[in-house]
Each structure stands twice: as C-alpha cells, then as structure tokens.
Amino acid sequence: MPESILLLIVLPIRQLNLKLMEAKHMAWWSKNNLRLIQNNLREVDANLDVDALIAQLQELSANVLMMNAGGIVAFYPTQLEYHYRAANQKKDLLKEAIEKAHASGMKFIARFDFSKAHESIFAKKPEWFYRTKDGMEVNYHGIVHSCISSDYQQEYSLQIIDEVLTNYDVDGIFFNWFGYNTFDYSGNDHGICHCNSCKTRFRALYNLDLPEKANMNDPVYRQHMNYQQVTAAKMLDRVYELVKSKNRDIAISTYSEHKVDIVRKESNTDKERPHPVWLYSASENVKSLEDSWDDKLVSNCCINAVDLVHRFTAVSRHEINLRLKEGLASGSGLDFCIIGVFEDYPDRENLPTVSKIFKYHKEHEQYYGNFQSVSEVALIKPRKMWKTDLKEYYGLFKMLKEGHVLFDVIDQKTLANRKGGLSVYKAVMIPDIPEFSSEELQELQNFCQLGGSLLSTGRSFTRGEDNQTFMQRNFDATLEDIHDYHREAAYLQTDNKQFFASFAERDWILLDGSFSRVTFGSKAVRHLPLVNPSTFGPPERASGHSTSNEYFGLGIVSNGQQKAIYFPWQPGRLYYQFGYADNKHIVLDSLEAVMDGNHQIKTNAPQNVELFFNKLDEETYILHLLNVSGFNGVTYFEPIPVHNIQVRLPWLRACSQAISLIENQDVSFTSEHGETMIELPLLTDFAAVVIKR
C-alpha cells in the first residue's frame, strides 16, 4: 500500500493537513544548528576572491555566511539613485558570493546597515539625516548618520531591501545598528535627534516638543523613550511584511526581538568598558533569549576584535574558546565575526580554535539545537530601559552559576504572556526590579497562589501603588523610604547562626548602596538587623555602632512550603562589583531554604567549573562542564585541570549509558540508591556527556 494512502487512513484529515503545512513551512533556521561566520566587509573588499573565502569557510566547517549587501555601501550593481556603490567594484560580489555559498551547501545572510549613508547621498537628500539640537549633521569620515524617523529608513531602505530580495537568492537579512543611535564610532554622544521628521512625528503622537536631552527625570524624555520603541517596532513591522511577502523562509535578524526570526547578540570587549569583566557573557546572552521566547532563535556573535577601535587584533584564544562553548552548552549554535576577509587579516591565532569547535558541532549536531530545560529556578531579567543597571541581575546570575544551580532566565518583557508558565518552577528570583505592570504582577501572584516561592532583592516592587500593594501582600513589607549608603559604615548582622551557617565566625556583613527601609509585619520572620552607621575614622573614633530594632536586611513569610523572601538591599550588585562571598552565601543559603534538595544536582566540582544540564528527549539528557579556571578576573589563560569530578542526578533513578562526545575523555556512571552518579576522572577544558536512561 502506498505510504500516502496509509497516512490518510491513520491520520484525521485536519491533523494530516497540519502536519503537511508544518513540513512544508519548516524554516531552515528552525533546526537551531547555525555555524555562522560573518565577514564584515570594508569597501576595499568589494572585489574579494570569493573562491578563497569559501575555501576558508569550509575549513572552518561553517554552514552560514553573513556578508554585507547594502545600506552604507552597496556591494552589488544597485540601480537605485540614492544607494552608494563600492568604489571601483568590478563585479557583482553579492551574486557571486551567494551562488558559491549555496553551491558549497551554505546559507547566505545579507547584512544591511541603514544607520548611516555616504556623504554624497546627504548632499542630495539632507532631510533624511540625523540632526543635533543645533541642527548639525554628524559626518564621520565621509559617512553621515541617518535617522530612523526619516524617509531614508522609513521608505527608501525598503526599496533597497526589495531590490536585493528581487534579484538575489538570499536566505536571510540582518540589520546592523538598528534603531535610534546617538553615538558615533569614537564614542561621542551627539544627543537626541532633532531632525524635522523627529519633531513632526513626536508632536503628532504626543503633542509635545522634543526633549532637549536625555534625562530620566524628565517626563517628556520618558515619552520620547516610548516614541523610540513604537517607531522602531513599526519599522520592523514593515520590514517583516515586505520580506515575508517575498519568501516566508527568508530569516530576519537584528538585535531586537520584535518581528525577527534570529535575535543577534554579541559577546565582545571594549577598552572603555568598566570592570569587572563579565565572564558569563555568552551564557547570559543565550539563556535570556532561549528561556524566554519559544518562537525565536538566538545567534550570539563572538567578536574576534578587542574593540571597535582596534578591529585587527583579537582577544585571547582562551576567551574565544569560552564564549563559543558557553553558547553551545547553553543551547545555541555558533557565530563568529572578523572585519574584512581572512587572506589579509593580521591576527589569525584564534582561527584553529574556532575551527575545532565548529568541527565538533558539525560532528555532534544531532545532540544540539533542541535542549529542554529541567530547571526549577527562574531568574527574571529586568526589562531593558535606557541605561538600565543590570548589576544586581548579573550578580545573582553569577551566584547561581558558581553554586551549580540549574536556572532559567525569563525576560521581564515576556512575563505577562506566560499564562501560568511559571508554574514549572519552585522559585522565582526578582533582581532589583522596582516596577512591574499589572499583568506581570498578576502572573507573579498566580505563581505564588500555586505554591511557588519568591526571592526578591533590592528595590523590587517599590515603584507605584500596585507594586507596593504586591510587596505588602506577599512579603508583609511596607516601604518607608529608600536610603543610599555611600561611604557610610553600615552593616547587617548575621544574627541567626543556625540559619546563616556560613557565618559562624563572621557577625557583620557590609551594607553599601540602595537600602529600602521597610517595615516587616507580624507574618514576616526578620533576619539581618541593620547595624546603624557610626564613625569609621580616625581609628581612634571607629566605634559607636548600634543595632536597629526597626530595619532588617531580610524578611521571610512562610505559608507551608511556599515562601516569600525579601532582601531590601542589593547583594547581587555587591557580589558582581566586589566578589565578597558573604553576599553569595546569604542568597544561596536562602534559596536552599525554599528548594527541595532531593531534586537538585549535586557536584564536587569547584565553583570555576560552569555546569549545564538539559533534557534532549524522554530518555536522553546532556551534561556539559566548562572549565573557566583560566580566567583571573581580567586575563584568560589555559584552564587548570580538575580531577575526579562527580555529578549526582537525584531524580535519574537508572542510567543505561553515559557517552562522552569529547575524544579521549573518560566518563563512567553508577546508578544506585535511586540516583545516578556521573564521574569524570579529568576535566581539562570541556566535557559533553550524553546520558541515556
């Protein structure tokens, strides 16, 4: 009997149609197996040797090439009047690159950048471009800043995209520097755009004049922030409609989550960036997208260059190694970028490392791309706002990683749409988020009513009546005011040594930064009384502290197994900035109080081993261990080997196989007493173990 007839017998017609539609429209990126290389072309690369490039990409085991198409510079013979073509280009580079990439089995993503345009376009259409408050354009070495509100981005960019999609068989498009940007490449901030388009559109929406400068205390500026989000989203709506009308299997990618298929993020460095260096860049970039959006793929670009200014010298190969493997073990594919082309690139040291990791992914692709979380803890990532301070969030992220706690990251923007999705967790952590919407508060309230526990830090739930009502109802805490301790000798007292087992010989921990003076009610058990500031100098006067009977650093409300824990200060920020273990122990000890230890992974691995554990299907799991001991806070070295690592999986009662995906890496297992123990005699750099029931 023909298979098609058999299917008709077995499956109802509606189900069959659905399966056929799903199969027909399965997008190429949905496998989440990207091994993407971006060659960020310069104008001088307009006649590059495509055969040499393709050969290099094949050596690197790449399956996706991203290359410039248009915007600032067109790398093809554009017929549009206001689209500057690369000088002295002698061939259709875009056409040749696409055809040869496809012939080699690679997908091709066309890169656009409409944030700027050549000064020859500015001379013809000055109304399309960004203006300072004084009406001046920003001309950076012959390239002039445009504005997303202007007709160049609103209208003409769509003509450029349409020209490319009509004439070239691209598999995806990527937009660099999308949105409102006030900085030039030297880091100079030129302020809010005051072009006529911005003035007109902002007044039409809000009946207001543009704010003169960025100031979060200015209500007009806060409206302008909304304006930026609204207009950028509407622009992406138009891009989406155009692209999908051409071919729904063309992927759209940029740094936004709105109406895109592949969200691009970056692990990069910058000499101007303040310390501490963020070790978990790739892990955080991937988790915050993978755990929050089911319908999007994340591609975390590992930038080879040390910064924008010094594009031709690379970060350490050990840093590239960590970034790529963190992303892989967190659930994404691979993404790597250099400026220009390989044949004249002056720093080639990292390429063997990239090639080795890409080759590993190619050989073991069957195990990647569809990780399922088994986490019982969720960490909320604060909604991104202008100059949002994420130090508290990063500090808690770092604590959980070092404590080998499995956790998911839920972006606050997706919280209201989860519709009970938090119920899979036992604990949700809130890192210094002052304000939630009413819909978000309701989702958190539903979680509590189902028996979930909250652990909140900093100024969370302090902004607005609805949030303070939530704080009072769930934490039995009422806000009086918020005091910022700076250069004041304030402390918190570890009063209960049974609860704070890590502080047998340490009575005080420092308090610095924001402290919410809250009154805890009778339902809350209060810990960590405030030690009021006193003089700290000269030494002869360093005395006189008193312990408060009013203000505390920790309140716990219990309702059976369900707990609501409130830290009215910022242990995460302090840990992120200074690394004092006191802050980590306080938080992890409190988290332990709300978790059932029988279901948590236990390991003897040191804190500088990053652990990842996910489910592949009902019978298969994958464990990754990444040795980050080579990071000393600033520099990346060869990691120090770790011996005799054990990982206990309490809920995995029986195991039939433990397969190492790393060549010459020994792994063994035992299953007894209702749990499975995975053992690695030696971890040099990276372990990947497939575990089958």
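For clarity, every value in this text was computed on a predicted model and none was experimentally measured. (Residues numbered from 1 in each chain as written. Predicted model: local features only at pLDDT ≥ 70, side-chain atom pairs only at ≥ 80, totals over all residues. Heavy atoms only, no water.)

A.B. asks: Looking at this structure, how should I read the overall build of the protein chain?
C.D. replies: Counting its secondary structure elements, the protein chain contains 16 helices and 28 strands. Taking 26 Å as the expected radius of gyration for a compact globule of 693 residues, we find that the protein chain reaches 27 Å, a close match to that expectation. Dimensions of the protein chain along its principal axes, counting C-alpha atoms only, are 80 × 70 × 60 Å. Within the protein chain, the proportion of its 693 residues that are buried is 55%. Considering only contacts in the protein chain between residues 6 or more positions apart, those separated by 24 or more positions represent 70%. Only carbon and sulfur atoms are counted for the fraction: they give 48% of the accessible area of the protein chain, which is about 31000 Å². Both charge centroids of the protein chain, one from 73 positive and one from 89 negative side chains, sit 2 Å from each other. (Helix = DSSP H or I, 4+ residues; strand = E, 2+ residues; numbered from the N terminus. Rg over C-alpha atoms; globule rule 2.2 N^0.38 Å. Buried < 20%, exposed > 50% of the residue type's maximum accessible area, 1.4 Å probe, protein only. Contact = heavy atoms within 4.5 Å. Areas by Shrake-Rupley, 256 points an atom, 1.4 Å probe, with all protein chains shown as cover. Lys, Arg positive; Asp, Glu negative; His and termini not counted. Charge placed at Lys NZ, Arg CZ, Asp CG, Glu CD.)

A.B. asks: What exactly am I supposed to notice about the pattern of salt bridges here?
C.D. replies: A side chain with one charge may pair with a side chain of the opposite charge, provided their charged atoms come close. Counted according to the given criterion, the structure contains 39 salt bridges. For Glu-440, the salt bridge identified is with Arg-383, shortest N-O distance 2.1 Å. Linking Glu-440 in helix 13 (residues 438-449) with Arg-383 in the loop between strand 12 (377-381) and helix 12 (391-402), this pair joins segments that are 57 residues apart in sequence. We classify Glu-440 as buried; its relative accessible area is 2%. (Salt bridge = Lys/Arg side-chain N within 4 Å of Asp/Glu carboxyl O.)

A.B. asks: I keep staring at the sheet that holds strand 12 and nothing clicks. Help me out?
C.D. replies: Two strands in a sheet stick together by hydrogen bonds in their backbones, pointing the same way (parallel) or opposite ways (antiparallel). The nine strands are arranged 13-12-14-15-20-19-18-16-17 in an open sheet whose pairing can be described as mixed. Every interior strand has two partners, whereas the edge strands, strand 13 (407-411) and strand 17 (508-520), have only one. The sheet shows a mean angle of 20° between the axes of neighbouring strands, taken without regard to direction. Alignment of strand 18 (residues 524-532) against strand 19 (residues 546-559), held across seven bridges, turns out to be antiparallel. Pairing of Pro-529 across the sheet is with Phe-552, part of strand 19. Set on the sheet, helix 9 (residues 281-290) makes contact with strand 12 and strand 13; between it and strand 13 the angle comes to about 65°. Lying on the sheet, helix 15 (residues 571-578) is in contact with strand 15 (453-457), strand 17 and strand 20 (562-567); it crosses strand 17 at an angle near 165°. (Pairing = 2+ DSSP bridges. Axes fitted to C-alpha atoms, helices over the stretch in contact; angles between N-to-C directions.)

A.B. asks: Where do I start with unusual backbone geometry in this structure?
C.D. replies: Most of the time, phi is negative for any residue but glycine, and the peptide bond is trans. Here the residue pair His-275 and Pro-276 is connected by a cis peptide bond, since its omega of 10° sits within 30 degrees of zero. Assignment of secondary structure puts Pro-276 in the loop between strand 9 (262-267) and helix 9. Following Gly-537, the chain continues into Pro-538 via a peptide bond in cis, with omega recorded as 0°. With a phi angle near 55°, Trp-177 is a residue other than glycine that sits in the positive phi range. Residue position: Trp-177 is located in the loop between strand 7 (172-175) and helix 7 (196-206). With phi around 55°, Asn-207 is a residue other than glycine that occupies positive phi space. Here Asn-207 shows up in the loop between helix 7 and helix 8 (219-246). In this structure Asn-207 comes out as exposed when scored by relative accessible area, which is 57%.

A.B. asks: What exactly am I supposed to notice about the environment of Glu-488 here?
C.D. replies: Among the secondary structure elements, Glu-488 is positioned in strand 16 (residues 477-493). Residue Glu-488 is classed as partly exposed on the basis of its relative accessible area, which comes to 31%. A sequence separation of 24 residues divides Glu-488 from Asp-512, and the C-alpha atoms of the two residues are 7.7 Å apart. What Glu-488 contacts, discounting residues up to four positions off in sequence, is His-483, Leu-511 and Pro-533. Of the polar contacts made by the side chain of Glu-488, one reaches the side chain of His-483; its length is 3.0 Å. (Polar contact = N/O pair within 3.5 Å; in protein donor to acceptor, adjacent residues only side chain to side chain.)

A.B. asks: In this structure, what is going on with the packing of aromatic side chains? I would like to understand it.
C.D. replies: Where two aromatic rings form a pair, the distance of their centres and the angle of their planes describe that pair. Applying the stated criterion to the full structure yields 45 aromatic pairs. Between Trp-28 and Trp-29, the aromatic rings sit 5.7 Å apart at their centres with planes inclined by 90°, giving edge-to-face as the arrangement. Judged by relative accessible area, which is 9%, Trp-29 ranks as buried. We note Lys-287 situated over the ring of Phe-407; from NZ or CZ to the ring centre the distance is 5.3 Å. (Phe/Tyr/Trp six-rings, centres within 6.5 Å; stacked < 30°, edge-to-face > 60°. Lys NZ or Arg CZ within 6 Å of the ring centre and 35° of its normal.)

A.B. asks: Can you help me understand the nonpolar core in this one?
C.D. replies: As a rule of thumb, soluble globular proteins bury nonpolar side chains together. Of all hydrophobic cores here, the largest spans 150 residues; its most connected members are Phe-108, Ile-161, Val-170, Ile-173, Trp-569 and Leu-591. Top element by residues in this core is helix 6 (residues 151-167). It accounts for seven residues. Grouped together as the second largest cluster of nonpolar side chains are 28 residues, Ala-378, Ile-380, Phe-436 and Phe-475 included. (Core = buried A, V, L, I, M, F, W, Y, C linked by side-chain atoms within 4.5 Å.)

A.B. asks: I would appreciate a short explanation of the pairing of strand 18 in the present structure.
C.D. replies: Pairing between strand 16 and strand 18: two bridges, direction antiparallel. When the bridges of strand 18 are listed, Leu-492 appears paired with Leu-530.

A.B. asks: Whenever I open this one, the side chain of Asn-32 confuses me. Can you help?
C.D. replies: Along the chain, Asn-32 falls in the loop between helix 2 (13-24) and strand 1 (35-40). With relative accessibility at 7%, the residue Asn-32 sits in the buried group. Not counting residues within four places of it along the chain, the set of residues in contact with Asn-32 comprises Glu-290, Leu-297, Gly-331, Ser-332, Gly-333 and Gly-369.

A.B. asks: Even after reading the chapter, I still don't get the packing of helix 3 (residues 50-59) against helix 4 (residues 93-103), so can you show me in this structure?
C.D. replies: When two helices pack together, their arrangement is given by the angle between the helix axes and the distance between those axes. Interhelical geometry of helix 3 versus helix 4 gives an angle of 35° and a closest axis separation of 10 Å. As helix 3 packs across helix 4, the resulting crossing turns out to be right-handed. Taken together, the residues of helix 4 that come into contact with helix 3 (itself represented by Val-50, Asp-51 and Ile-54) are Leu-93, Glu-96, Ala-97, Lys-100 and Ala-101. (Left-handed = near helix turned anticlockwise from the far one by under 90°.)

A.B. asks: Would you explain the confidence of the model for the protein chain in this entry?
C.D. replies: Detailed reading of predicted coordinates is not advised where the pLDDT is low. Looking at the protein chain, the pLDDT average stands at 93 and 95% of residues meet or exceed 70. Per-residue pLDDT stays below 50 along residues 1-24; that stretch engages in seven contacts with residues further than four places along the chain or on separate chains. (pLDDT = per-residue confidence, 0-100.)

A.B. asks: Looking at this structure, I do not really get the sheet that holds strand 24 (residues 642-649). What am I missing?
C.D. replies: If you trace the four strands from one edge of the open sheet to the other, you get 21-24-27-26, paired in antiparallel fashion. The open sheet is flanked by strand 21 (602-603) and strand 26 (668-672), the only strands paired with a single partner. As paired strands, strand 21 and strand 24 are joined by two bridges and run antiparallel to one another. Looking across to strand 24, one finds that Lys-602 is bridged to Arg-648.

A.B. asks: When you look at the environment of Asn-181 in this model, what are you seeing that I'm missing?
C.D. replies: Take Asn-181: it is sitting in the loop between strand 7 and helix 7. Here the alpha-carbon distance between Asn-181 and Ala-282, two residues 101 residues apart in the chain, equals 24 Å. In terms of polar contacts, Asn-181 uses its side chain to reach the side chain of Trp-177, at 2.5 Å. Within polar-contact distance, the side chain of Asn-181 engages the backbone oxygen of Gly-179 at 3.3 Å.

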